[in-house]
Amino acid sequence: MKIKSALKMLVITGIISGCLCGRPPQRAVAAPVGKTHTADMGWWKKDRFGMFIHWGLYAVPAGVWHGKHAPESGEWIMNNAHIPRKQYAQLAKRFDPTEFDAARWVQIAKAAGMKYIVITTMHHDGFCMFKTNATHYNVVDDTPWHKDPVAALDKACQQQGIKFCTYYSVENWHSKYQLPHSWNHGHPIYFPTRFAVGGAKPYLKYMTRQLGELIRQYHPALMWFDNSVITPWTTPSGQHVAGWTETDARTIWDYVRKIDPTVIINNRLDAWSKFKGLGDYSTPEEKIPPRGLPGPWETCMTINNTWGYVSWDHDWKSSTMLIHHLIHCASGGGNFLLNVGPTAKGVIPKPEVDRLLAMGKWLQINGEAIYGSHRTPFAKALTFGYATQKPGKLFLEVTKWPKNRTLVVPMRNVITKAYLLADHLKLQTATGLGGQLVYLPAAAPDPVASVVVVDIAGKVKPY
Ligand code: H79
């Protein structure tokens, strides 16, 4: 009930623009606060497919608090089960992931065809999953494990040729510089936080210190910031305390870019610009814009319904659905950042691994249609599936195999050659009424999606 009313308030004030629930943005975004797309996005645009990892203290309760399923919990359990700070912090004493193997995680990402990894170095709960000198509340100093998984993953990524990237939350439910939304007699609701009186300045200092550590210690290729939902408020004595501002976002942006001019930064430093504004790319969450977005973008998504590990969430998306999502993103010119939530022991759950391996198997044959591809040239959705392209080549990802064995490609260009990525055998083609025709075998080589490649001269001229 309390979460609901907090949510309602935020939707009304327009703070949540698109959230887990798959709702569209609630309000127009503010004007850009700075120059965007300054980094070299080359690798990121080509790579197309990444692994998101949500791992933190929340993996210990795994969605259960006082023996009950905490609603929509995972990494939100501290807020959703109203856990007081001191009590939540005790989870650190139980964090001992003896089965953690960084090389294995990176191998899984690689086998899935993923090209980059984004790991939560600090989620909203404020617990740091990396070695930091800015607080004792970190995985090395405060757990019986005493190891730095961010360092281990960074190393494993370098060794296996995967880009290493970090996630960092602006909102911090543990910091003394940020106050919960309501203390509610020992049952705090943290989200959204507000700055303590005089807290903004020291928090920015704390944050820049940690970001400096992240950059210098691990050299992330990309920094994924999350939800700067820190609201303004008025103290009982009438003093106005500003929330997170565009200037704060700009300060952090400039600081990061000064230390590393090449690091890619997503668009969530500024709370108002989830889809535009300050940021190298936009970040739709749990949904894929049907026709893509104008600039660079990346959809992040869970495999079940939660980001952090929840023992009772078995609502897994099928590998077919996930492969379709990846194709859908690529056809809209976007990336797909797919999440795993490892357990407190350090294991990526098997249902997630199974699905990732199925995606990797599909990409082994069809990856050419995804990596380095550009968005579909067609303005309208295609009846048989999706399209991506490269100079001189059109890739047709056929998810609905035509019963009449004829693919109608709605373009004027004559096809010089057509074949399936599954077998590379030449297919017959013709010019038809509604476009170019490709004659297909009776059965799809892959019932999930089969890619037909057509070679053409010049740019695609859609009908
Ligand atoms: O890290 C993942 C989420 O935890 C984070 N972004 C992704 C990548 C995220 N933070 N905020 N939001 C997503 C949107 C907020 C959704 C909410 Fe709710 C709806 C907050 C309160 C109501 C979902 C339901 C979370 C708690 C209850």
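Residues numbered from 1 in each chain as written. Predicted model: local features only at pLDDT ≥ 70, side-chain atom pairs only at ≥ 80, totals over all residues. Heavy atoms only, no water.

Draft legend 1. Inspection of the packing of helix α5 (residues 102-111) against helix α11 (residues 350-366) at higher detail. At a minimum axis separation of 7 Å, α5 and α11 run at an interaxial angle of 40 degrees. One element, α5, and the other, α11, form an angle in the oblique class. Of the residues in α11, those touching α5 at Arg104, Ile108 and Ala111 are Val353, Leu356, Leu357 and Gly360. (Axes fitted to C-alpha atoms, helices over the stretch in contact; angles between N-to-C directions. Helix = DSSP H or I, 4+ residues; strand = E, 2+ residues; numbered from the N terminus. Parallel < 35°, antiparallel > 145°, perpendicular 65-115°, else oblique. Contact = heavy atoms within 4.5 Å.)

Draft legend 2. Here's a closer look at the domain arrangement of the protein. Split into domains, the protein comes out as domain 1 (24-369) and domain 2 (385-456). The centre of domain 1, based on its C-alpha atoms, is set 39 Å off from the matching centre of domain 2. Taken together, the contact pairs twelve residues of domain 1 with 14 residues of domain 2. Carbon and sulfur atoms supply 64% of the area buried between domain 1 and domain 2, which totals about 1,200 Å² over both sides. (Domains from an automatic or database assignment. Buried area = accessible area lost by both parts, 1.4 Å probe.)

Draft legend 3. Spatial organisation of α11. The end-to-end C-alpha distance of α11 is 24 Å, a good match for the 24 Å that 17 residues give at a rise of 1.5 Å each. Listed as buried for α11 are Glu352, Val353, Arg355, Leu356, Met359, Gly360, Trp362, Leu363 and Asn366. Residues of α11 that are buried sit in contact with β1 (49-53), α5, α10 (319-331), β14 (335-340) and β21 (450-456). (Expected span 1.5 Å × (residues − 1). Buried < 20%, exposed > 50% of the residue type's maximum accessible area, 1.4 Å probe, protein only.)

Draft legend 4. Representation of helix α8 (residues 200-218) in the model. With 19 residues, α8 extends 26 Å from end C-alpha to end C-alpha; this agrees with the ideal 27 Å at 1.5 Å per step. Of all the residues in α8, the buried ones are Tyr203, Leu204, Tyr206, Met207, Thr208, Gln210, Leu211, Gly212, Glu213, Leu214, Ile215 and Tyr218. Once α8 finishes, His219 follows within two positions and takes phi at roughly 45 degrees, a positive value.

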